[in-house]
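Inside the fold
So you can see what is in the structure, the chains are spelled out below.
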Amino acid sequence: MSLPPQFLRELTRIVGPAGVVSTHEGRLTYECDMHTFYKGLPDAVVLPTSSAQVLDVVGLCLRDGVPVVPRGSGTGVIGGAMAPRGGVMISTTRMTRILDVDLPNRCATVEPGVINLRLSDAVKGRGYYFAPDPSSQMVSSIGGNCSTNAGGPHCLKYGITVNHVLGLEFVTGAGEIIRVGGKVREVPGYDLTGVLVGSEGTLGIVTAAIVRLLHLPEAVKTILAAFATIEDASETVSAIIAAGIIPAALECLDEPMIRAIEEGVRAGYPKGAGAVLLIELDGPRAEIEAQAEKIVGICRSRLALEVRVARDEAERALLWKGRKEAAGALGRLTRSWLLQDAVVPRSKLPQAIRAVNAIAARHRLLIAHVFHAGDGNLHPLICYDEEKPGELERAVQANDELLRTCIALGGSVTGEHGVGVDKAENLRLQYGDADLAFMGRLRRVFDPGGVMNPGKLLPSHPACGEAIRRTGKTAVPSGVWI
Ligand SMILES: Cc1cc2nc3c(=O)[nH]c(=O)nc-3n(C[C@H](O)[C@H](O)[C@H](O)COP(=O)(O)OP(=O)(O)OC[C@H]3O[C@@H](n4cnc5c(N)ncnc54)[C@H](O)[C@@H]3O)c2cc1C
């Protein structure tokens, strides 16, 4: 679809000439998110600076039945922030104001384009931070985090984004502006904040968020525990939680990942170990000293090959650098990889890992693991070389099988990244027709014209999928982590 000149003039009237990108070269930047498999070029990109402008742009699109695609920083890995049917992309990158920091009420009100880490940086001098920490927190936006209900390493202890969103200002697909939730904990009526968080731009656009701020912990301690096998490491995860300790983070990496990291980053992970657990504790100093001792004991009793408590901040930072640069480091072992994000109940981790590795062997592929073990949130990276005939197809097949395996183990097709276009069809593995039909009806309440982020989140009409181009390449630059 291409937009008539009159429509472009009206967009320009709303956001100003600097707020419209309509050249082919300009729009190419917005062709995909980090899931570069899926591409779709918007007909125009607008960069509003206020909620009122968002409202007017949505109103205009609604009038002419033009698809609307919200976009934050474009770090999503599900093909959520790209335009399979063209239309207008609304990018929030110019809505970056922290509108209010209210420390007595421990919350802040921010525009959607505020970068996650920027909010924590803005309040840390006063002893506070914003807890949800997707590994992309250096670049992803709070609007995007709300819309995908992002998780992150420290969400094990502190909860995912929805647990930290008190209220939202939202422009619905029906062209209205609504305000849900608020600074007080309990608000009457339906929990619409809960409905809108995680709605992936299919119900409308977040134009402001009231988010919870937490006190910075008094102390932090990081422990590395190495094991002979990834199953031993996964069983230790359950043992730690069963002992009544909820670490701030509990991450797991397997042998190929350790090898790649040690070749690239040299984080000091024991070479030759089958798996490494990174366990982080935070809280009052006395409490975490006692917990650290207990965890060291549990790891040793579970036959850990090595247990090491980081002695200082430099060692701690190096251990995390290895974890953070894992995805980039994997480039040493493979040309391309397909990142999956499936979740199983934590106690099923050993079984799930065994099953995924069996799938890898059956398809003659390497699948490397780096995951939020405490949440049961797996991130298998399926390695392939698209130049080798049939390898991409085998990778896609393995991807499908591992999702089915996680569902069979009582898990879900997505742990934290969301559904987007990538897993819309996979929702059928998890929900029945009645469930999906109900979700479709809810969607229409907010978006009666069907203009909001078409083709995403719910299984949809095949015509939408036809417009999506699969390129078969995925790339994450070194220095970013999943
Ligand atoms: C290296 C790397 C590491 C990552 N680590 C994690 C992780 O640990 N945990 C995790 O959960 N995710 C992770 N992600 C995925 C991604 O960063 C998150 O999903 C993030 O929340 C997306 O934010 P964004 O601003 O980039 O949104 P985008 O990618 O721009 O958009 C994501 C979705 O939200 C919608 N959207 C964006 N802004 C709005 C808005 N204002 N209103 C309504 N809808 C909107 C879009 O339409 C799209 O569907 C990672 C990604 C990368 C590349």
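Residues numbered from 1 in each chain as written. Predicted model: local features only at pLDDT ≥ 70, side-chain atom pairs only at ≥ 80, totals over all residues. Heavy atoms only, no water.

**Here's the deal with the nonpolar core**
Counting 45 residues, the largest nonpolar core has L277, I279, I295, C299 and F371 as its most contacted members. Among the secondary structure elements, those contributing two or more residues to this core are β13 (219–227), α8 (230–242), β14 (249–254), β15 (275–283), α10 (285–301), α13 (349–362) and α14 (391–408). In contact with I295, other than residues within four places in its own chain, are I223, I240, I245, I279 and L281. Judged by nonpolar contacts, the second largest core, of 27 residues, contains A226, A249, V265 and V276. (Core = buried A, V, L, I, M, F, W, Y, C linked by side-chain atoms within 4.5 Å. Buried < 20%, exposed > 50% of the residue type's maximum accessible area, 1.4 Å probe, protein only. Helix = DSSP H or I, 4+ residues; strand = E, 2+ residues; numbered from the N terminus. Contact = heavy atoms within 4.5 Å.)

**With respect to the sheet that holds strand β4 (residues 68–71)**
Taken together, the four strands give an open sheet; going across it, the order is β1-β3-β5-β4, and neighbouring strands pair in mixed fashion. The open sheet is flanked by β1 (20–21) and β4, the only strands paired with a single partner. Bridging between β4 and strand β5 (residues 88–91) involves four bridges; their strand directions are parallel. Bridging across to β5, P70 finds its partner in I90. Set on the sheet, helix α1 (residues 5–15) makes contact with β1, β3 (44–46) and β5; between it and β3 the angle comes to about 15°. Contacts from helix α3 (residues 51–64) reach β3, β4 and β5 within the one sheet, and its direction differs from that of β5 by about 170°. (Pairing = 2+ DSSP bridges. Axes fitted to C-alpha atoms, helices over the stretch in contact; angles between N-to-C directions.)

**Some remarks on α13**
With 14 residues, α13 extends 20 Å from end C-alpha to end C-alpha; this agrees with the ideal 20 Å at 1.5 Å per step. Of all the positions in α13, only L349, P350, A352, I353, V356, I359 and A360 are classed as buried. Against the buried residues of α13 lie α8, β19 (367–372), β20 (377–378), β21 (380–384) and α14. With its phi angle positive at about 50°, R364 sits one or two positions after the end of α13. (Expected span 1.5 Å × (residues − 1).)

**Some points on the packing of aromatic side chains**
Enumeration over the complete set of coordinates arrives at two aromatic pairs. With a centroid separation of 6.3 Å and 70° between ring planes, the pair formed by F37 and Y38 is classed as edge-to-face. The pair F37 / Y38 is uniform in exposure class, with both members buried. (Phe/Tyr/Trp six-rings, centres within 6.5 Å; stacked < 30°, edge-to-face > 60°.)

**Looking at unusual backbone geometry**
Positive phi outside glycine occurs at E200, with the angle close to 55°. The topology assignment puts E200 in the loop between α7 (192–196) and β11 (204–212). Accessibility expressed as a relative area gives 10% for E200, which makes it buried. Phi is positive for L457, which is not a glycine, with a value near 75°.

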